Amino acid sequence: VMEWYGVEPSSSVVADLFGENETVYYGTSDEWRLNLDDNGLRGIVPDGFWEACHHFSEISMRGAELGGSVLSDHLWHDGLRRVCFRDTGIKGKLTDAIANAPGLETVDFQSCMLSGSLPENLGSLSGLTELKLGANVGLSGILPDSFYDLSSLEWFSIGCTRIGGVLSREIGRLKNLRYFCISFCEFEGRIPEELGMIPGIGVLCEGNYFTELPEFIRY
């Protein structure tokens, strides 16, 4: 398996063996990565691929040309930690099946063709640190109430989508946020003061329908 292109054990190390640097797997972990980034992969993802996803804790296919492929709920499984389909053109919806991967840390579908709304149970992903969904113009609706339960979230990007509504003051609960991008969405009303009370946060919010700016903007 170590010779299969793109398949890597998460517990591998590079060791000096008889003067040669070799990747060594000690067999101490069942977590494997699938890394097929930027290698010219293109076509329609077959059903069998989604069924095989349960073998991997990390799946990354950034830059593959997967237009016409539809995201499957089979992607989400208990051992999944990180997933990246950035710039692939994959379509489909994020459904409540995402909760089948409670250990998720990173979700990156930036610049794809996702549609629908964010799942209501999104907040159940207590360890999620990065959620990148920008430039999916088919995404719409509002942030679910459970979004404000994502206490580990550090990076949130939904710019250039049709997600909108009113930002809740509950956003102040996300104390770990460092990057918050909702540019060119459909938010309205007032930007909550609580957003500016999160230490060290960077906020991008142009291109919405906000009617009132909070005091923290001055500073």
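This text follows the structure it describes.
Residues numbered from 1 in each chain as written. Predicted model: local features only at pLDDT ≥ 70, side-chain atom pairs only at ≥ 80, totals over all residues. Heavy atoms only, no water.

## Some words on the sheet that holds strand β10 (residues 130–132)
With mixed pairing, nine strands are arranged side by side in an open sheet as β1-β4-β5-β6-β8-β10-β12-β14-β16. Edge strands, defined here as strands with exactly one partner in the open sheet, are β1 (7–9) and β16 (202–204). Along the sheet, successive strands turn relative to each other by an average axial angle of 10°, direction set aside. Here three bridges tie strand β12 (residues 155–157) to strand β14 (residues 179–181), and the two strands are oriented parallel to one another. Bridge pairing in β14 links F156 to F180. (Pairing = 2+ DSSP bridges. Helix = DSSP H or I, 4+ residues; strand = E, 2+ residues; numbered from the N terminus. Axes fitted to C-alpha atoms, helices over the stretch in contact; angles between N-to-C directions.)

## Focus on the side chain of D37
Here D37 shows up in the loop between β4 (32–35) and α1 (47–52). When neighbours within four sequence positions are excluded, D37 is seen to be in contact with S60, M61 and R62. (Contact = heavy atoms within 4.5 Å.)

## Notes on unusual backbone geometry
Positive phi, normally seen in glycine, also occurs at C160, with a value near 60°. Following the sequence through the fold, C160 ends up in the loop between β12 and β13 (162–166). For F184, which is not a glycine, the phi torsion comes out positive at approximately 55°. On the secondary structure map, F184 appears in the loop between β14 and β15 (186–190).

## Focus on the sheet that holds strand β9 (residues 113–116)
Spatial ordering of the open sheet is given by β7-β9-β11-β13-β15-β17, a layout of six strands whose pairing is parallel. Unpaired on one side and paired on the other, β7 (91–93) and β17 (209–212) mark the two borders of the sheet. Neighbour-to-neighbour, the strand axes of this sheet turn through a mean angle of 20°, independent of strand direction. Strand direction decides the pairing type here: β13 and β15, joined by three bridges, are parallel.

## Some remarks on the packing of aromatic side chains
Applying the stated rule across the entire model yields eight aromatic pairs. Between F85 and F109, the ring centres sit 5.5 Å apart and the planes meet at 5°, which makes this aromatic pair stacked. With F85 in the loop between β6 (82–84) and β7 and F109 in the loop between β8 (106–108) and β9, the pair connects residues that are 24 residues apart, well separated along the chain. In this structure an aromatic cluster arises from ring pairing among F49, W50, W76, F85 and F109. Positioned above the aromatic ring of W155, the side-chain terminus of K132 is 4.7 Å from the ring centre. (Phe/Tyr/Trp six-rings, centres within 6.5 Å; stacked < 30°, edge-to-face > 60°. Lys NZ or Arg CZ within 6 Å of the ring centre and 35° of its normal.)

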